[in-house]
Amino acid sequence: MTNPHAAPLAGKTALVTGGSRGIGRAIALRLAADGAQVAINYRSDAAAAESAVAEIVAAGGSAFALRADVSELAAIEAMFAAFDAKAGGLDILVNNAGIGSMATLGETDEASFDRQMQVNAKGPFFVTRAALPRLRDGGRVINISSMVAQVGYASCLAYAMSKAALNHFTVSLAGELGARGITVNAVAPGATITDFAPDLFNDPAMVETLAGLAALRRVGQPEDVARVVAMLAGPDAGWVTGQVIEASGGMHL
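Residues numbered from 1 in each chain as written. Predicted model: local features only at pLDDT ≥ 70, side-chain atom pairs only at ≥ 80, totals over all residues. Heavy atoms only, no water.

Draft legend 1. Structural detail: helix H1 (residues 22-33). With twelve residues, H1 should reach 16 Å at 1.5 Å per residue; the first-to-last C-alpha distance of 17 Å fits that figure. Every buried residue of H1 is accounted for by Ile23, Gly24, Arg25, Ala26, Ile27, Ala28, Leu31 and Ala32. Immediately beyond the C-terminal end of H1, within one or two residues, lies Gly35, with a positive phi of roughly 110°. (Helix = DSSP H or I, 4+ residues; strand = E, 2+ residues; numbered from the N terminus. Expected span 1.5 Å × (residues − 1). Buried < 20%, exposed > 50% of the residue type's maximum accessible area, 1.4 Å probe, protein only.)

Pasting the structure below:
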């Protein structure tokens, strides 16, 4: 007998920004494993994006890569023109692309501040705006935020501000799109091992310290976050919207 839950996203199409590495790659792989066709956006590392596509295809899934810097409106429009040539519509948008820096107020210069706001706040805003004509009713918008937007972290102040803006965007947009049955939620990871902050995770003592801050006594893996995204993308999460869901293993409880 066929398991109806074996491919909960069969027939769906997803776009994951920043999907070539780290958490974004794990999300792309998971959504593909759940049956979705996945468009993997990347900014500069074409080899990493094509590697993710190849991994999905080798596992029997469907994927393609799209290059764009999500902080640039012209690049976003070009990305969606390429998307339209490969897909008939969009069901799941994951705004994952992001950058950050470990810097206090005094250590953050204007260029770093502007770049973080452009990628982490402006990018999701205008990617979503461009996606809306393509996003089918009943679709999903999932923004990848950070727990630092909800807890005081002076050591990454501009990054935390940009993610706090993304959280507000999430809640406000949920109200706007609810009439179409489109849910809008954010996932806020805690300490998660990727190349996003290599100086942290290459230090065993720091990893141990971060693990000790979590109720589950470990740091996260990209797949931990991907599972939460997959839940929100699936059919059983249709009654959840306007939420910022922390996926941190219970940090700072």
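So, next bit.
Draft legend 2. Structural detail: the sheet that holds strand S2 (residues 37-42). A sheet is described by the order of its strands in space; here seven strands give the open sequence S3-S2-S1-S4-S5-S6-S7, paired in parallel fashion. Each having just a single partner strand, strand S3 (62-67) and strand S7 (244-247) make up the two edges of the open sheet. On average, each strand axis in the sheet is tilted by 20° relative to the strand beside it, whichever way the strands run. Of the pairings in the sheet, the one linking strand S6 (residues 183-189) to S7 comprises four bridges and is parallel in character. Each residue of the ladder has a partner; that of Pro189, found in S7, is Ala247. Relative to S3, helix H2 (residues 46-58) is tilted by about 170°, and along the sheet it contacts S2 and S3. (Pairing = 2+ DSSP bridges. Axes fitted to C-alpha atoms, helices over the stretch in contact; angles between N-to-C directions. Contact = heavy atoms within 4.5 Å.)

Draft legend 3. Structural view of the packing of H1 against H2. Running from N to C, H1 and H2 point in directions that differ by 25°, and their axes come no closer than 10 Å. The orientation of H1 with respect to H2, classified from their angle, is roughly parallel. In the crossing of H1 with H2, the sense of the turn from one axis to the other is right-handed. Of the residues in H2, those touching H1 at Arg25, Ala28, Leu29 and Ala32 are Ala48, Ser51, Ala52, Glu55 and Ile56. By residue class, the composition of the contact of H1 with H2 is six nonpolar, one polar and two charged. (Parallel < 35°, antiparallel > 145°, perpendicular 65-115°, else oblique. Left-handed = near helix turned anticlockwise from the far one by under 90°. Nonpolar A, V, L, I, M, F, W, Y, C, P; charged D, E, K, R; others polar.)

Draft legend 4. Representation of helix H5 (residues 157-177) in the model. Here H5 spans 30 Å end to end across 21 residues, near enough to the 30 Å set by a 1.5 Å rise per residue. Of all the residues in H5, the buried ones are Ala158, Tyr159, Ala160, Ser162, Lys163, Leu166, Asn167, Phe169, Thr170, Leu173, Ala174 and Leu177. Tucked inside the fold, the buried residues of H5 contact helix H4 (110-131), strand S5 (135-144), S6 and S7.

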